[in-house]
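# Structural description and commentary
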Amino acid sequence: MPPVQDMTPPLDPGLLDALQHQVAVFARRAEQTRLGGVGQVRNSMDRAAYLLLNRLDLEGPMGVKALAAGMGIDSSTVTRQVAPLVDTGLVKRTSHPEDGRAVVLQLSPRGQARLEEVRSSRRELMAQVTDGWTEQERESFCTLLTRFNSALSARQSAAQEPAAPTS
């Protein structure tokens, strides 16, 4: 039986260079603008706070370990990032309903309102930045960006897994 040939086309180094350059430019521009939205809300919530509040909103109350695992960061980082959110009343710490010793983080009503204000501002920014795009182009970009972020996340997770013991 003849060997199976790899039908994958060769990778284009020029295209990969252009891709990595555009990702670097995107990262710089995103950091410069913080993609924070428009108007008075612009740049009013840092990325870490937004991602934490968003996850608590989408997934509901949870402990620090679950929040950290879901975000792909360590518990000490979540604890450090949540502290100012608790201090400003955006997140509430409550006792776990089944284990009173455990702490559960929950979006407060104030946090919910603030998150919606920021989301609305960021939606407006996305509408402005993609003005002239079709809905299909927006969907395609979102699909590809989601796929790209998932691949980066999987790569990061794989790099953090302990190596299998050798015999």
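For the structure itself, consult the block above.
## A closer look at the overall build of the protein chain
Looking only at helices and strands, the protein chain has six helices and two strands in total. Reading the protein chain from its N terminus to its C terminus gives the helix and strand order α-α-α-α-β-β-α-α. Of all 167 residues assigned to the protein chain, the portion counted as buried reaches 20%. With an accessible surface of roughly 12400 Å², the protein chain has 57% of that area assigned to carbon and sulfur atoms.

## Description of the environment of arginine 110
Inspection of the secondary structure assignment puts arginine 110 in helix H5 (residues 109-129). Once the C-alpha coordinates of arginine 110 and glycine 89 are considered, the two residues, 21 residues apart in sequence, prove to be 6.7 Å apart.

## What to know about the layout of surface pockets
Here the second largest pocket defines a volume of roughly 270 Å³. For the lining of the second largest pocket, the secondary-structure elements that each account for two or more residues are helix H2 (47-59) and helix H3 (64-71). If you tally residues by element for the lining of the second largest pocket, the top one is H2, at six residues. Per-class residue counts for the lining of the second largest pocket are five nonpolar, three polar and two charged.

## Structural notes on the pattern of salt bridges
Scanning all chains against the criterion turns up six salt bridges. The shortest N-O distance in the salt bridge between glutamate 135 and arginine 138 comes to 2.6 Å. With glutamate 135 and arginine 138 both in helix H6 (residues 135-160), this residue pair falls three residues apart, about one helical turn. Beyond isolated ion pairs, a larger network of salt bridges with shared partners links Asp57, Glu116, Arg119 and Arg123.

## Focus on the packing of aromatic side chains
Under the counting rule described, the total for this entry stands at one aromatic pair. With a centroid separation of 5.5 Å and an interplanar angle of 90 degrees, the aromatic rings of tryptophan 133 and phenylalanine 141 are classed as edge-to-face. Geometry around tyrosine 50 places arginine 122 over its ring, the cationic atom sitting 4.0 Å from the centre.

## So, the nonpolar core
Leu53, Leu56, Leu67, Val82, Leu85 and Val91 are the most contacted members of the largest nonpolar core, which totals 18 residues. With five residues, the single largest contributor to this core is H2. Apart from the residues within four sequence positions on either side, valine 91 is in contact with Leu53, Leu56, Val82, Leu85, Val86, Leu105, Gln106 and Ser108.

## Some words on H5
Between its first and last C-alpha, H5 extends 30 Å over 21 residues, near the 30 Å set by a 1.5 Å rise per residue. What H5 keeps buried is the set Gly111, Leu115, Val118, Arg119, Ser121, Arg122 and Leu125. Elements in contact with the buried residues of H5: H2 and strand E2 (103-107).

## Section: the packing of H2 against helix H4 (residues 75-87)
Relative to each other, H2 and H4 sit at 90 degrees, their axes nearing to 10 Å. Looking at the two axes, H2 sits roughly perpendicular to H4. Only Val78, Gln81, Val82 and Leu85 of H4 make contact with H2, whose side of the interface consists of Ala48, Ala49, Leu52 and Leu53. Broken down by class, the residue content of the contact of H2 with H4 amounts to seven nonpolar, one polar and no charged.

## Here's the deal with the side chain of arginine 119
Inspection of the secondary structure assignment puts arginine 119 in helix H5. Judged by its relative accessible area of 14%, arginine 119 is buried. For arginine 119, the contacting residues outside a window of four places in its chain are Tyr50, Asn54, Asp57, Leu58 and Gln112.

What counts and what doesn't
Residues numbered from 1 in each chain as written. Predicted model: local features only at pLDDT ≥ 70, side-chain atom pairs only at ≥ 80, totals over all residues. Heavy atoms only, no water. Helix = DSSP H or I, 4+ residues; strand = E, 2+ residues; numbered from the N terminus. Buried < 20%, exposed > 50% of the residue type's maximum accessible area, 1.4 Å probe, protein only. Areas by Shrake-Rupley, 256 points an atom, 1.4 Å probe, with all protein chains shown as cover. 1 Å grid on protein atoms, 1.4 Å probe; cavity = no way out; pocket = protein on both sides within 12 Å on 5 of 7 lines; lining within 4 Å. Points joined across faces, edges and corners; volume = space filled by probe spheres on them. Nonpolar A, V, L, I, M, F, W, Y, C, P; charged D, E, K, R; others polar. Salt bridge = Lys/Arg side-chain N within 4 Å of Asp/Glu carboxyl O. Phe/Tyr/Trp six-rings, centres within 6.5 Å; stacked < 30°, edge-to-face > 60°. Lys NZ or Arg CZ within 6 Å of the ring centre and 35° of its normal. Core = buried A, V, L, I, M, F, W, Y, C linked by side-chain atoms within 4.5 Å. Contact = heavy atoms within 4.5 Å. Expected span 1.5 Å × (residues − 1). Axes fitted to C-alpha atoms, helices over the stretch in contact; angles between N-to-C directions. Parallel < 35°, antiparallel > 145°, perpendicular 65-115°, else oblique.

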